[in-house]
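Letter by letter, the chains look like this.
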Amino acid sequence: MMSADVENGMVPSDATSEFLRRVYELPAGERLLSCIQCGMCSGSCPLGYAMEYTPRKMIAALRAGRIEDLYRSASVWLCVSCYNCTYRCPSGVPITDRLIGSLRGDMLSRGVGVPAELQAAFEKTTRYGNPFGESPKKRPDWTKEAGVDVRVLEEGDSAEVLWWVGCFPSYNKRNQRDTIALARILSALGVDFGIMGSDERCSGDIPCTSQGEEGLFFSLYEHNSDQLRNRKFKDLLVGDPHAYNAFKKEYPRLGTPLPVRHYTQYLAGWSPELRRVMKKELRAKVTYHDACCLGRRNAEYEAPRVLLESVPGLQLVEMPRNRENALCCGGGGGGNWLDSFIWQRTRVPLPMQRVQEAAKTGAQILAVSCPLEVPRFEDAVKTAGLEGRLGVRDVSDILAEALGLSGGPS
Amino acid sequence: MYVTNEADEHALEQALILKGRDGAHVVAISSGGDEARAALASAVAKGADEAYFAPVPFASRADNHHLAATLASVMKGAGYDLILTGVWASDQLDAGLGGLLAAELGLPYVGGLTSVSAPAESAKATVRKEFPGGRLGVMEVDLPAVLGIQSAENPPRYVPVSKVMQAKRSLQAQTIPPAASHEARVHLRKLTKPEAATRAEMISGSPEEVADRLVRILRERGVA
């Protein structure tokens, strides 16, 4: 392998060449220096305007052997892992996963410049397996309110569908409504499903892969892959696109291929059946926000739209920035924990911009398929003064209403 | 699941702050079952220079007198300027160790601290303690001293999991044998889950009726 300094005719500092050596060992890491400095990444980054070092400049700094400049800059922590840059890069540089992820990993292990809020989320996830610091025992507590039977699969048990619930859907009060909606839909369809209860831990994607905490990711991977191996299932169902990405991309890389499907993909397969039993009309204009981890990162744009269009009375309208051009909610790449850190440097929160785009379409409902987006957009709706005009609802919640499954425990 | 006592995490953080500021040499000591070694690995990964482990069987965990004697055996004459302990333990809500340790060592003790300043070569440390009502006490304490840390000057630092794993693999903790000569003064009789208490009885009626009933109950129980 040609070393970075030879390739570029420059002599990088030791720290820079060490860093590049580590990146080169990762899948597609060697593409980092195929950058042609076109600036597509900087222009397409929703927060590029606030970055002292945009991805293009970061690569230029590495070529000049000046990684220390990047350690001193907050730019690395402004990335919200929206994948716009990676998606558009004409040279196929894995900017988000390798450049940002590895730089963050470097800063974490050197203990320099890591925002305290993110460290707190890591600490809680290390200790308790979720970023809230909640007890793992409480993970399945939501099932008590579900009004339908939700089986907890113990080791050795089997089910057609193993539903990986996730941290936000398990613990966050507002998300639990959508979790219960999905439980009721699965139950109404007669699906043989079960969850892992207290044995489930954070999938590792949100706090780790592009955030640099590879060690934490690996320890979560070890726990989760062991737990999954001890249960039999045909489909692994997830509600969180970040978990979807982790199971689809990262777990196989480490030796655990998984038959994972996002719940919108799974339910889209049932759409003829759903269409037949959806009785309740939902007369509303709805616009759908593409989650970065489902859309740009995994090319699933249709499943959620198929489901929404199957709801009687529902009119689906598009925002100007949709599908691969969708604007990020700002919650990825640790952004959910860094809202104030990012706000101090940008002053225009991404979720606020996005709800304004949604409202401009004339839609009454902003439909989402990622649990982080519900609280993020709901807060933004309040700050943007759109309360009463725009509601934020998960696709599962909309489907449950059309199926007559909403409301208190049945 | 083993979780390090929060106040102890703060004590360690304060020690590491002193290391960064004044070049202190930090020795981490943990006690308990085997899982407490994980806390030492984490301390070393964060920057502690040495690690000691005092094994304590489950049955004698409540005996802080014995633990203080055990820890004092390695601390006596070892030349430490400061011994930082978490001000209390979150499992037993026990805040005894710091004071008992100071008594064993014949050193001054101040607890409930939120900052410690101890410049190198100084014979005194300046400590801050928060009092109720929003008052802040600034005190000087002669060194060496035992301090009970309530919270460090900044939140405990995060250390990446891979570093902790590395430290775990290469951890060389010296074992502190239990103090033999010490007579156990706390005896564990039994451990049970909390028993469900009987229900409260709500007394209704006019104030006079309620008072009469209350007096009767107190007499019956022999309280009044």
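Residues numbered from 1 in each chain as written. Chains lettered and ligands numbered in written order. Predicted model: local features only at pLDDT ≥ 70, side-chain atom pairs only at ≥ 80, totals over all residues. Heavy atoms only, no water.

Details of the overall build of chain A
Which entries qualify depends on this criterion: Strands here mean DSSP runs of E at least two residues long; helices mean DSSP runs of H or I at least four residues long; both are numbered from the N terminus. For the radius of gyration, the atom set is restricted to C-alpha positions; the globular benchmark scales as 2.2 Å times the number of residues to the power 0.38. What makes two residues a contact is simply this: any of their non-hydrogen atoms within 4.5 Å. Under the counting rule used here, the positive set is Lys and Arg, the negative set is Asp and Glu, and His together with the chain ends is not counted. By convention, charge coordinates are those of NZ in Lys, CZ in Arg, CG in Asp, or CD in Glu.
In terms of regular secondary structure, chain A is built from 20 helices and nine strands. Computed over the C-alpha atoms, the radius of gyration of chain A is 21 Å, within 12% of the 22 Å expected from 2.2 N^0.38 for a compact globule of 410 residues. With the C-alpha coordinates aligned to their principal axes, the bounding extent of chain A is approximately 70 × 50 × 35 Å. For chain A, restricting intrachain contacts to residue pairs at least 6 apart in sequence, the fraction spanning at least 24 positions comes to 78%. Taken together, the 51 basic and 50 acidic charged side chains of chain A have centroids lying 4 Å from each other.

Side note on the packing of helix H12 (residues 214-229) of chain A against helix H5 (residues 161-170) of chain B
Between two packed helices, what matters for the description is the angle formed by their axes and the separation of those axes. The condition that has to hold: Lines are fitted to the C-alpha atoms to define the axes, a helix being fitted only along its stretch in contact, and any angle between axes, read from their N-to-C directions, falls within 0 to 180 degrees. For classification purposes, angles smaller than 35 degrees are called roughly parallel, those larger than 145 roughly antiparallel, those between 65 and 115 roughly perpendicular, and all remaining angles oblique.
At a minimum axis separation of 6 Å, H12(A) and H5(B) run at an interaxial angle of 75°. Between H12(A) and H5(B), the angle falls in the class roughly perpendicular. Residue-level inspection shows A:Gly215, A:Leu216 and A:Ser219 of H12(A) in contact with H5(B), the latter providing B:Val161, B:Ser162 and B:Met165.

Notes on a nonpolar patch on the surface
Residues and elements named next belong to chain B. This is how it is decided: Residues qualify for a patch when their relative accessible area is over 30% and they have no salt bridge, like charges being joined within 9 Å and the nonpolar side chains of Val, Leu, Ile, Met, Phe, Trp and Tyr within 5 Å. Surface accessibility in these figures is a Shrake-Rupley result with a 1.4 Å probe; residues are shielded only by whichever protein chains are displayed. Salt bridges, as used here, are contacts in which a Lys or Arg side-chain nitrogen is within 4 Å of a carboxyl oxygen on Asp or Glu. Any residue under 20% of the maximum accessible area for its type is buried, any over 50% is exposed, and the rest in between are partly exposed; the area is computed with a 1.4 Å probe on protein chains only.
A surface patch of nonpolar side chains, amounting to about 340 Å² of accessible area, comprises Phe 58, Leu 188 and Leu 191. Topologically, Leu 191 is positioned in the loop between strand E8 (174-175) and helix H6 (207-220). A residue is classified by how much of its surface remains accessible, and Leu 191, at 59% relative accessible area, is exposed.

Observations regarding the sheet that holds strand E3 (residues 82-86) of chain B
Residue and element names in this part refer to chain B. As a reminder, the rule being used: Paired strands, in this sense, are two strands between which DSSP finds at least two bridges.
Spatially, the five strands line up as an open sheet ordered E3-E7-E4-E5-E6, and their pairing is mixed. The strands lining the two open edges of the sheet, one partner per strand, are E3 and strand E6 (135-142). Going from strand to strand, the sheet's axes swing by 50° on average, the running direction of each strand aside. As paired elements, strand E4 (residues 109-117) and strand E7 (residues 145-149) share three bridges and run parallel to each other. Its bridge partner lying in E7, Leu 113 is registered against Ile 149.

A short note on the interface of chain A and chain B
Applied cut-off: Buried area is a sum: the accessible area each of two parts loses on coming together, probed at 1.4 Å, counted once for each and added. Here a polar contact is recorded for every N or O atom pair within 3.5 Å, except that within protein the pair must consist of a potential hydrogen donor and a potential acceptor, and residues adjacent in sequence are included only if both atoms are side-chain atoms.
In this assembly, 13 residues from chain A lie in contact with twelve residues from chain B. In total, about 1000 Å² of surface goes out of reach between chain A and chain B, with carbon and sulfur atoms giving 60% of it. B:Glu9 is the salt-bridge partner of A:Arg127, the closest N and O atoms lying 2.3 Å from each other. At the boundary of chain A and chain B, one finds six residue pairs in polar contact (both at pLDDT 80 or more).

What to know about the environment of B:Val74
Residues and elements named next belong to chain B. Structurally, Val 74 can be placed in helix H3 (residues 64-75). When the C-alpha positions of Val 74 and Ile 176 are compared, they lie 7.2 Å apart, and in sequence the two are 102 residues distant. Sequence-distant contacts of Val 74, that is, excluding residues within four places in its chain, are made with Tyr 80 and Ile 176.

What about unusual backbone geometry?
Here B:Leu143 and B:Pro144 are connected by a cis peptide whose omega angle stands at 0°. As for its position among the elements, B:Pro144 is in the loop between E6 and E7. Of note, the phi angle at A:Ala28 is positive, near 65°, even though the residue is not glycine. Position of A:Ala28 relative to the elements: it lies in the loop between helix H2 (14-24) and helix H3 (40-44). Positive phi, close to 70°, is recorded for B:Glu121, a residue that is not glycine.

Points about the nonpolar core
Definition in use: We define a nonpolar core as any set of buried Ala, Val, Leu, Ile, Met, Phe, Trp, Tyr and Cys residues linked to one another through side-chain atoms lying within 4.5 Å.
A:Trp142, A:Trp163, A:Leu186, A:Leu236, A:Phe247, A:Leu267 and A:Leu308 are the most contacted members of the largest nonpolar core, which has 117 residues in total. Not counting chain neighbours up to four residues away, the residues in contact with A:Leu236 comprise A:Leu162, A:Trp164, A:Leu228, A:Phe247, A:Leu258, A:Pro259, A:Val260 and A:Arg261. One finds B:Leu71, B:Met75, B:Leu101 and B:Leu105 within the second-largest nonpolar core, a separate group that totals 15 residues.

Some points on the packing of aromatic side chains
Pairs of aromatic rings are described using the distance from one ring centre to the other and the angle between the two planes. Residue and element names in this part refer to chain A. What counts here: Ring pairs shown here join Phe, Tyr and Trp side chains whose ring centres sit within 6.5 Å, with only the six-membered ring taken for Trp; geometry is labelled stacked below 30 degrees between planes, edge-to-face above 60, and tilted in between.
All told, the structure shown has twelve aromatic pairs over all chains when counted by the stated rule. Measuring from ring centre to ring centre gives 4.8 Å for Trp 164 and Phe 247, while their planes differ by 80°; the resulting arrangement is edge-to-face. One end of the pair, Trp 164, is in strand E2 (residues 158-164); the other, Phe 247, is in helix H13 (residues 241-253), and 83 residues separate them in sequence. The buried category is assigned to Phe 247, whose relative accessible area is 0%. Relative to Tyr 251, the ring of Phe 217 has its centre 5.9 Å away and its plane inclined at 75°; by these criteria the two rings are edge-to-face. Linking Phe 217 in helix H12 with Tyr 251 in helix H13, this pair joins segments that are 34 residues apart in sequence. Residue Phe 217 is classed as buried on the basis of its relative accessible area of 0%. Overall, the relative accessible area of 0% leaves Tyr 251 in the buried class. Ring-pair connections join several aromatic residues into one group, and the members of that group are Trp 164, Phe 217, Phe 218, Tyr 221, Phe 247 and Tyr 251.

A few points about H3(B)
Residues and elements named next belong to chain B. What counts here: Multiplying 1.5 Å by the helix residue count minus one yields the expected span of that helix.
Over its twelve residues, H3 extends 16 Å from the first C-alpha to the last, a length consistent with the 16 Å expected when each residue adds 1.5 Å. Among the residues of H3, those classed as buried are Asn 64, Leu 67, Ala 68, Ala 69, Thr 70, Leu 71, Ala 72 and Met 75. Contacts made by the buried residues of H3 are with strand E1 (27-32), strand E2 (50-55), E3 and helix H4 (97-105). The N-cap of H3, judged by a side-chain oxygen 3.2 Å from the amide nitrogen of His 65 a few residues on, is Asp 63.

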